[in-house]
Amino acid sequence: MPASPLPSIATARRRLLNREISPAELIEELDSTMRALNPRLNAFISWDKEAALAAAAHADLSLPLGGIPLAIKDNICVLGQPTRCASRMLDSFVAPYDATAVTQLRAAGAIPFGRTNMDEFAMGSAGENSAYGATLNPAGEAHAPGGSSSGSAAAVASGMALAALGSDTGGSVRQPASHCGVVGLKPTYGRISRYGLVAFASSLDQIGTMTHSVEDAALLLQVLSGHDAKDSTSSREPVADYTAALRTGVRGLRIGLPQEYLSSGNAPAVSAAIERAATTLREQGAELVELSLPHSEAVVAAYYIIACAEASSNLARYDGIRYGYRSPEARGLDDLYSRTRETGFGAEVKRRIILGTYVLSSGFYDAYYAKAQKVRALVAQDFAQAFEKVDLILGPVAPTPAPLLHDQDRSPLQVYLADIYTVPANLAGLPGISIPCPQGGNLPVGVQLLAPHFGEARMLQAAAALEAAWA
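For clarity, every value in this text was computed on a predicted model and none was experimentally measured. Think of each chain on its own: its residues are numbered from 1, step by step along the sequence as written. Since the coordinates come from a predicted model, pLDDT governs what is reported: local features require at least 70, and pairs of side-chain atoms require 80 or more to be given and counted, while whole-chain, interface and lining totals use all residues. To get the side-chain values, take all heavy atoms of the structure and skip hydrogens and water.

How should the pairing of strand E11 (residues 446-450) be read in this particular structure?
The side chains of a regular strand alternate, first on one face of the sheet and then on the other. Each residue is assigned to one of three classes by its accessible area relative to the maximum for its type, calculated with a 1.4 Å probe on protein chains only: buried under 20%, partly exposed between the two thresholds, exposed over 50%. Runs of H or I in DSSP of at least four residues are treated as helices and runs of E of at least two as strands, each being numbered from the N terminus. Of all the five residues making up E11, five are buried; the element is thus mostly covered by neighbouring parts of the structure. Across the two faces of E11 the burial is the same, with Gly 446, Gln 448 and Leu 450 and Val 447 and Leu 449 all buried. For two strands to be treated as a pair, DSSP must find at least two bridges joining them. Note that strand E10 (residues 432-436) and E11 share five bridges and pair antiparallel. Within E11, the position partnered with Pro 436 by the bridge is Gly 446.

In structure tokens form, the structure reads like this:
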């Protein structure tokens, strides 16, 4: 098992402000932990200690994240650093600019430190589909850490990072957070700028956070939120005071329990976690309300049609011409396209491109893609009606704890079905958070809270209450 995790952002900030440790010493602590654990866990693809120490030398401790090193998923651009998306296709690509999220972190005093491993181009839910090898789960190294933000979750859970950025297209922050036992937050679509996030499915992708605590999640969300003129989908909705919401408790809140999420197909540990969370919220004064999300059975099919269609379009740019990998064996233009994409992309990426191209092709667009968009509208309508009755929705993150890594008995379809509880939030653009629940099993299990659009403050309010009760 890895060493005890480093303190949370809040604790590290107190140490920095009390001059118990310097930013450079904090970098050295992390570097030492990474060198000890990363050869086994493979959570980081790369890290630049010298660049981090140079930034630490000028750290302004008066800023909200002054002197705090943060890990960044490998599909989020960091100026001068490799941004490979864990793919051979971008093996030599170095980002020429910072993503807006990274710019905001730097403005708040944070230090980007390390590029975390991931499923290639964010396509996967086990951390197995990386050109740089699978990430292991610190909670049980024979088990998958989840994905696609596998490296970010494992880095935080093992103590190699105080916190990390990830991306969530269908649960890729919340699900690995649940499997590794950390807090994973996906905000409302448009709450955090996507500028500089390498696109998988543009209408679903959202940058999120992995942290040791709900307090840290609120602090990072405060820094990262806001309108960005560089992102046409970025919202102008005012940013709430997320840290203030942590202290208000849940008395009087109405918490919905969808009957579709309380399936007999859930593992006993997952059912136990939901029951414990519901009991805890009730004991603290919340009202539990049974409700229905009638189109839940259709969400996975609709999600994969839409996501793969958008992936097919977004990944068409990787053709060996402008940037990225180019096959040295190509003979002619058509052969260049074919060989470059065959060699540069991994099996899962090619599988999704093929599916996406198929559903967008003539004769199948109306039969598949158009119908999937109609289902998406119905899913959003389900949630809109539910949130007329309740303030938040409680449910599982995944139907089971972390599965075995490289389990040959799992088909791609079984892997996709494991996203049943996370993809609805992406289809509807809702915020969601995974909180670790101490349910007595050998592997971590998270519970999920979903909120209406831009309801992050209330979601964090309930998450903090659960975390405090379970501490």
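Please explain the sheet that holds strand E8 (residues 287-291) as it appears in this structure.
Judged by pairing direction, the sheet is mixed, and its eleven strands sit side by side in the order E1-E3-E2-E4-E6-E5-E10-E11-E9-E7-E8 without closing on themselves. If you trace the sheet from one side to the other, it starts and ends with strand E1 (44-46) and E8, each paired once. For this sheet, the mean angle separating the axes of adjacent strands, direction not counted, is 30°. Relative to E8, strand E7 (residues 254-258) runs parallel, the two being bridged by five bridges. Note that in E8 the partner of Pro 258 across the bridge is Leu 291. Sitting on the sheet, helix H4 (residues 100-107) is in contact with strand E2 (69-73), strand E3 (111-116), strand E4 (163-167) and strand E6 (207-211), with an inclination near 180° to E2. What counts as an axis is a line fitted to C-alpha atoms, over the stretch in contact for a helix, and the angles between N-to-C directions run from 0 to 180 degrees. Any pair of residues with heavy atoms lying within 4.5 Å of one another is described as a contacting pair.

For this particular structure, what's the right way to read empty space enclosed by the protein?
To find leftover empty space, one rolls a probe the size of a water molecule over the atoms. The method works on a 1 Å grid over the protein atoms by themselves. A cavity is a set of points holding a 1.4 Å probe that cannot get out, a pocket is an open set with protein on both sides within 12 Å along at least five of seven lines, and residues with an atom within 4 Å of a point line them. Grid points are joined across faces, edges and corners, and a volume is the space filled by probe spheres set on the points. One pass over the full model with this rule turns up two cavities of 30 Å³ or more. Of the pockets and cavities examined, the largest cavity occupies roughly 100 Å³. Taken together, 14 residues line the largest cavity, and the ones lying closest to its centre are Gly 124, Ser 172, Tyr 303, Tyr 304 and Asp 419. Residue type decides the class: Asp, Glu, Lys and Arg count as charged, Ala, Val, Leu, Ile, Met, Phe, Trp, Tyr, Cys and Pro as nonpolar, and the leftover types, Gly among them, as polar. For the lining of the largest cavity, the residue count by class is four nonpolar, eight polar and two charged. Roughly 30 Å³ of volume is contained in the second largest cavity.

Would you take a moment to explain the packing of helix H7 (residues 214-224) against helix H16 (residues 456-470) for this structure?
How two helices sit against one another is set out by the angle between their axes and by the gap between those axes. Across the interface, H7 lies against H16 with an axial gap of 9 Å and an inter-helix angle of 160°. Put simply, H7 runs roughly antiparallel to H16. Here the hand of the crossing between H7 and H16 comes out left-handed. Listed contacts from H16 to Val 214, Glu 215, Ala 217, Ala 218 and Leu 221 of H7 are Glu 456, Leu 460, Ala 463, Ala 464 and Glu 467. Among the residues making up the contact of H7 with H16, the classes are represented as seven nonpolar, no polar and three charged. When describing relative orientation, an angle under 35 degrees is termed roughly parallel and one over 145 degrees roughly antiparallel, while 65 to 115 degrees is termed roughly perpendicular and anything else oblique. Each crossing is labelled by how the near helix is turned from the far one, with a counterclockwise turn of less than a right angle marking it left-handed and a clockwise turn marking it right-handed.

Please clarify how the pairing of E3 should be interpreted in this entry.
Most of E3 sits inside the fold, with six of its six residues counted as buried. Here E1 pairs with E3 via two bridges, running antiparallel. Along E3, the bridge assignment pairs Ser 46 with Arg 115. As defined by bridge partners, E2 adjoins E3 across four bridges and the pair is classed as parallel. Across the sheet, Ile 72 pairs through a bridge with Arg 115, a residue of E3. For the segment spanning E2, H4 and E3, crossover handedness is right-handed. By convention a crossover is right-handed if, when the strands point away from the viewer, the path from the first strand over the helix to the second runs clockwise.

In this structure, what is going on with the nonpolar core? I would like to understand it.
For soluble globular proteins, nonpolar side chains are generally found buried alongside one another. Grouping buried Ala, Val, Leu, Ile, Met, Phe, Trp, Tyr and Cys residues that are joined through side-chain atoms within 4.5 Å yields what is termed a nonpolar core. Residues Leu 65, Leu 105, Val 447 and Leu 460 are the most contacted members of the largest nonpolar core, which totals 67 residues. Ranked by residues supplied to this core, first place goes to H16 with nine residues. Residues Tyr 261, Val 299, Val 423 and Ala 425 belong to the second largest nonpolar core, which totals 52 residues.

Is there a simple way to think about the side chain of Asp 205 in this case?
Mapped onto the elements, Asp 205 comes out in the loop between strand E5 (183-186) and E6. By the criterion applied in these results, polar contacts are pairs of N or O atoms within 3.5 Å in which, for protein atoms, one can donate a hydrogen and the other can accept it, and in which residues neighboring in sequence qualify only through two side-chain atoms. Side chain to side chain, Asp 205 and Thr 169 meet in a polar contact 2.6 Å long. Once you skip the residues sitting within four places of it in the chain, Asp 205 turns out to touch Asp 168, Thr 169, Tyr 189, Arg 194, Leu 197, Ala 199 and Phe 200.

Explain the environment of Ala 157 to me, please; I cannot follow it from the model alone.
In this fold, Ala 157 is placed in helix H5 (residues 150-158). Distance from Ala 157 to Ala 302, taken between C-alpha atoms, is 32 Å for residues 145 residues apart in sequence.

Explain the pattern of salt bridges to me, please; I cannot follow it from the model alone.
The salt bridge definition used is simple: a Lys or Arg side-chain nitrogen within 4 Å of an Asp or Glu carboxyl oxygen. Taken as a whole and judged by the stated rule, the model has 15 salt bridges. The partner of Arg 174 in a salt bridge is Asp 168, with the nearest N and O atoms 3.0 Å apart. The buried category is assigned to Asp 168, whose relative accessible area is 0%. Arg 322 serves as the salt-bridge partner of Asp 319, at 3.1 Å between the closest nitrogen and oxygen. Under the relative-accessibility criterion, Asp 319 is labelled buried at 10%. Overlapping salt bridges bring together Glu 28, Asp 31, Arg 35 and Lys 49 as one network.

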